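So you can see what is in the structure, the chains are spelled out below.
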Amino acid sequence: MAHDNTFFVSTPIYYPSDKLHIGHTYCTVAADAIARYKRLTGADVMFLTGTDEHGQKIETKANEAGCTPQEFVDHIVEGEGGILDLWKLMNISNDRFIRTTDDYHVEAVQKIFRKMYDKGDIYKGAYKGKYCTPCESFWTESQLVDGKCPDCGRDVHDAEEEAYFFRLSKYADRIQHLLEDTDFLQPRTRVNEMVNNFIKPGLEDLCVSRTSFKWGVPVDFDPGHVVYVWVDALFNYATAMGYCNDKYNDYERYWPATVHFVGKEIVRFHSIIWPAMLMSVEEPLPKHVYGHGWLVIDGGKMSKSKGNVVDPYVLAEKFGVDALRFFLLRTFPFGTDGNFTNELLINTINIDLANKLGNLVSRTTGMIEKYFGGTLPTERENDGIDCDLKTAACELRDRYEAEMEKFQFQNALEEIFKVIERANKYIDETAPWALGKDETKRVRLATVLYNLLETVRICTTLLTPFVPESCEKIFTKIGAGCESCRSWDKANVWGTLCADATVSKGENLFPRIDAEKALAELEALQEAQRKAALPAIELEPYVEEEVDFDTFLKSDFRAVKIKNCETVKKSDKLLKFTLDDGSGVDRTILSGIRQYYAPEDLIGKTAIAILNLPPRKMMGIPSCGMLISAVHKEKGEEKLHLMLIDDSVPAGAKLC
Ligand code: ME8
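Just so you know, the residues in each chain are numbered from 1, in the order the chain's sequence is written. pLDDT decides what is reported in this predicted model: residues at 70 or higher carry local features, side-chain atom pairs at 80 or more are listed and counted, and totals for whole chains, interfaces and linings draw on all residues regardless. Values reported for side chains reflect all heavy atoms of the structure, with hydrogen atoms and water molecules removed beforehand.

### With respect to the sheet that holds strand β1 (residues 6-14)
As a general point, the strands of a sheet are linked pairwise by backbone hydrogen bonds and lie either parallel or antiparallel.
Thinking step 1. With parallel pairing, six strands are arranged side by side in an open sheet as β3-β2-β1-β11-β12-β7. Edge strands, defined here as strands with exactly one partner in the open sheet, are β3 (96-99) and β7 (185-186).
Thinking step 2. Relative to strand β12 (residues 288-292), β7 is paired through two bridges, and the arrangement is parallel. From the neighbouring strand, L185 faces β12, where its bridge partner is V289.
Thinking step 3. Taken strand by strand, helix α11 (residues 267-280) contacts β7, β11 (259-263) and β12, and its axis lies near 140° from that of β11. Strands pair, by our definition, only if DSSP identifies at least two bridges between them. By definition, any uninterrupted DSSP run of H or I lasting at least four residues is a helix, any uninterrupted run of E lasting at least two residues is a strand, and each is numbered from the N terminus. Should any heavy atoms of two residues lie within 4.5 Å, those residues are counted as being in contact. Fitted lines through C-alpha atoms give the axes, limited to the stretch in contact for helices. The angle between two N-to-C directions lies from 0 to 180 degrees.

### Some details on the pairing of strand β6 (residues 157-166)
Regular strands place their side chains on alternate faces of the sheet.
Thinking step 1. In the sheet, strand β4 (residues 122-132) pairs with β6 via ten bridges, with the strands oriented antiparallel. What sits directly across from Y131, in β6, is H157.
Thinking step 2. In terms of strand pairing, β6 meets strand β8 (residues 206-207) through two bridges, oriented antiparallel. Looking across to β8, one finds that F166 is bridged to L206.

### Quick look at the packing of aromatic side chains
Thinking step 1. Ring pairs shown here join Phe, Tyr and Trp side chains whose ring centres sit within 6.5 Å, with only the six-membered ring taken for Trp; geometry is labelled stacked below 30 degrees between planes, edge-to-face above 60, and tilted in between. Under the defined criterion, the tally for this structure stands at 35 aromatic pairs.
Thinking step 2. Measuring from centroid to centroid gives 5.7 Å for Y26 and F334, while their planes differ by 70°, and the two rings are edge-to-face. Remark: F334 occurs in the loop between α13 (321-331) and β15 (338-339) and Y26 occurs in helix α1 (residues 22-40); sequence separation between them is 308 residues. Of the two residues examined, Y26 and F334, each falls in the buried class.
Thinking step 3. Taking the centre distance of 5.1 Å and the plane angle of 15° together, the rings of Y290 and F334 count as stacked. Within this pair, whereas Y290 is found in strand β12, its partner F334 is found in the loop between α13 and β15, the two being separated by 44 residues in sequence.
Thinking step 4. For Y290, a relative accessible area of 2% translates into the label buried. For the exposure calls, accessible area comes from a 1.4 Å probe over protein chains only, and a residue counts as buried if that area is under 20% of its type's maximum, exposed if over 50%, partly exposed in between.

### Brief notes about unusual backbone geometry
Thinking step 1. The omega angle of the peptide bond from Q186 to P187 is -15°, so this bond is cis rather than trans.
Thinking step 2. Its location among the elements puts P187 in the loop between β7 and α7 (189-199).
Thinking step 3. Of the consecutive residues W255 and P256, the connecting peptide bond is found in the cis state with omega at 5°.
Thinking step 4. Mapping P256 onto the fold places it in the loop between α10 (251-254) and β11.
Thinking step 5. Located in the positive-phi region is K570, a residue other than glycine, with phi close to 65°.
Thinking step 6. Relative to the assigned elements, K570 resides in the loop between β17 (557-567) and β18 (575-580).

### Some details on α1
Thinking step 1. Residue count minus one, scaled by 1.5 Å, sets the expected span of a helix. The end-to-end C-alpha separation of α1 is 26 Å, in line with the 27 Å expected for 19 residues at 1.5 Å each.
Thinking step 2. Burial runs high along α1: 16 of the 19 residues are buried.
Thinking step 3. G42 sits one or two residues past α1 and shows a positive phi near 100°.

### Regarding the environment of I537
Thinking step 1. Counting through the fold element by element, I537 comes out in strand β16 (residues 537-538).
Thinking step 2. The class for I537 is partly exposed, based on a relative accessible area of 48%.
Thinking step 3. With 97 residues separating them in the primary sequence, I537 and E634 have C-alpha atoms 4.7 Å apart.
Thinking step 4. Every residue in contact with I537, bar those within four places of it in the chain, is listed here: H632, K633 and E634.

### Focus on helix α2 (residues 56-65)
In an α-helix, one full turn covers 3.6 residues, which means residues spaced three or four apart are oriented alike.
Thinking step 1. Along α2, the residues that are buried comprise Q56, I58, E59 and A62. Buried residues in α2, looked at end-on, bunch into an arc of 160°, giving them a common side.
Thinking step 2. The inward-facing, buried residues of α2 abut α3 (69-78) and β4.
Thinking step 3. Looking one or two residues past α2, G66 carries a phi angle of roughly 75°, positive in sign. Think of it as the arc spanned by the lines of direction from the helix axis to the C-beta atoms.

### Focus on the pattern of salt bridges
Thinking step 1. What counts as a salt bridge is simple: a side-chain nitrogen of Lys or Arg found within 4 Å of a carboxyl oxygen of Asp or Glu. Under the defined criterion, the tally for this structure stands at 43 salt bridges.
Thinking step 2. Here R363 and D428 are joined by a salt bridge, their closest N and O atoms 3.5 Å apart. Taken together, the residues span a long stretch of sequence, with R363 in helix α14 (residues 342-372) and D428 in helix α16 (residues 409-430) at a distance of 65 residues.
Thinking step 3. Looking at R363, the relative accessible area reads 29%, which means it is partly exposed.
Thinking step 4. Beyond isolated ion pairs, a larger network of salt bridges with shared partners links R330, D352, K356, E414 and E421.

Purely geometric stuff here, so don't read any function into it on its own.
Given below as structure tokens:
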């Protein structure tokens, strides 16, 4: 059993089916902040993340990409700009990274599956249900929402297969007790949803093997079956510590996990299925599952198909890794959804990092350089006005700790920024520039500046889990070189920094962003990315309904010569065509293709028209028929080609 001072935090293991976006980064940055915070407090920390590499979705994607599933996931996980690169860029300090295709994990899952089978908790049956391929989930009819997958809202299809089942129903009472009577699932608001939607309607046994595809952990005692991807995936948290394998031997040290951070849509798997399986193998349960909210765009989920995913690489490159990390945890409460906008990102950086923190550091170090050549004298002259700032700074650690222990990152940062604001106000109250003009006030001036340095030191120590690289720079600027100055123990002890601290103002840490310019650049970049992610060619949906041959034959398609073509007044869409249809009488057809063609380019060409449509007036001009064009979308943009044919075809020739 893990000892009191261990702390084990995990993110979900991500599907390497696409590049990760800002939503995935959110959870990983949060886990990183809590891991760094716990290390700061002296805990023995295990921070685990990884990738969930099996399942039909990956197999299908690999087929589409023309490679093996293993090649496909290797590229997304380890390739350039892949998941490992992203975590390196974001300064993620995970202690371990698990890939579910790692041999030790595969073998461990086989042992675990057999263990549950031998116990009688896994049995063979036949599965009939509704299957959602992207979510790899079977659903019962009653679980569907408007006939669609309740998780992702996409179409499901009927599926039936011989399968193994896990006796989830057997654990229903214990799970209900776990959810309702303990603080296992957080925030508390997620408990009702689980109990009312999944447990009270009756927990059904869970289908835990598949025969319809191959890319998974084989059930070793029944070839043809692969283990359901969620069973394989959930056990990562234990196998990565060495459970049922010899690759690692940290299970005794770190298990049970302290907290699994997971997105709200996978709370069901983590708070019902996962503890039930652990009960089955008779292992201790994780202490907490924390279901965080989503980052949404215009109130809706980010998705590649909507073309609105936000790329962390782009934001980190433009604004810096720390600014992005900070924004994610400062802006949104961890437990609820947060609406992502570029404006919010830029405002947060400008207000908190540039105006408040950046300014405090540069004003303080700048004045020490200006008035004392960078090194403070050691004499002090205290004043009653200092008390408020000292108290605020010294009490900060406790308030911060209380919030961090509840995973309330936003509140913890709010506490720090209250003190930063207090310090900025202290500068106005004490007016060091006025003290600097008076030779007799030098000791007082040194005291004021030392007080500011101490406040910066304390705030920086507590900001380290959020913006580690910037804090390192601030410590250097304020002359906090020794370990003790940066330690948790001294984060509530006034007077830690050497009295004759030597500072260097150096470059500005968080330059103010020109919001208008940055927004325009970002939008152009994101638009280009959105377009690049769109399908190359998109076709109109095919018409399913059949048209009988005789009806089709009634359509009179003819070759027509374009005698004249001109724009139509007050219309930016229409072109007016005067056509020779072979009948000897000119025919007028209006067509909404002005944006695609200059009228003079079409004169003399041979086109195709359907002639026997009822005449229709447009902008007061009767149009007798319709010219035929081919339409499709290219990278999301409408494309149109007027059907022009060989000029040797005479006017009036019938198409049949
Ligand atoms: O679910 N905002 O993997 P995944 C916040 N392999 N979080 C988001 C988000 C957003 N916009 N979009 C996704 C899986 N996430 C499984 C996990 S664990 C044993 C197996 C979060 O790559 C999402 O909520 O689809 C989930 O927690 C995580 O990213 C991984 O999603």
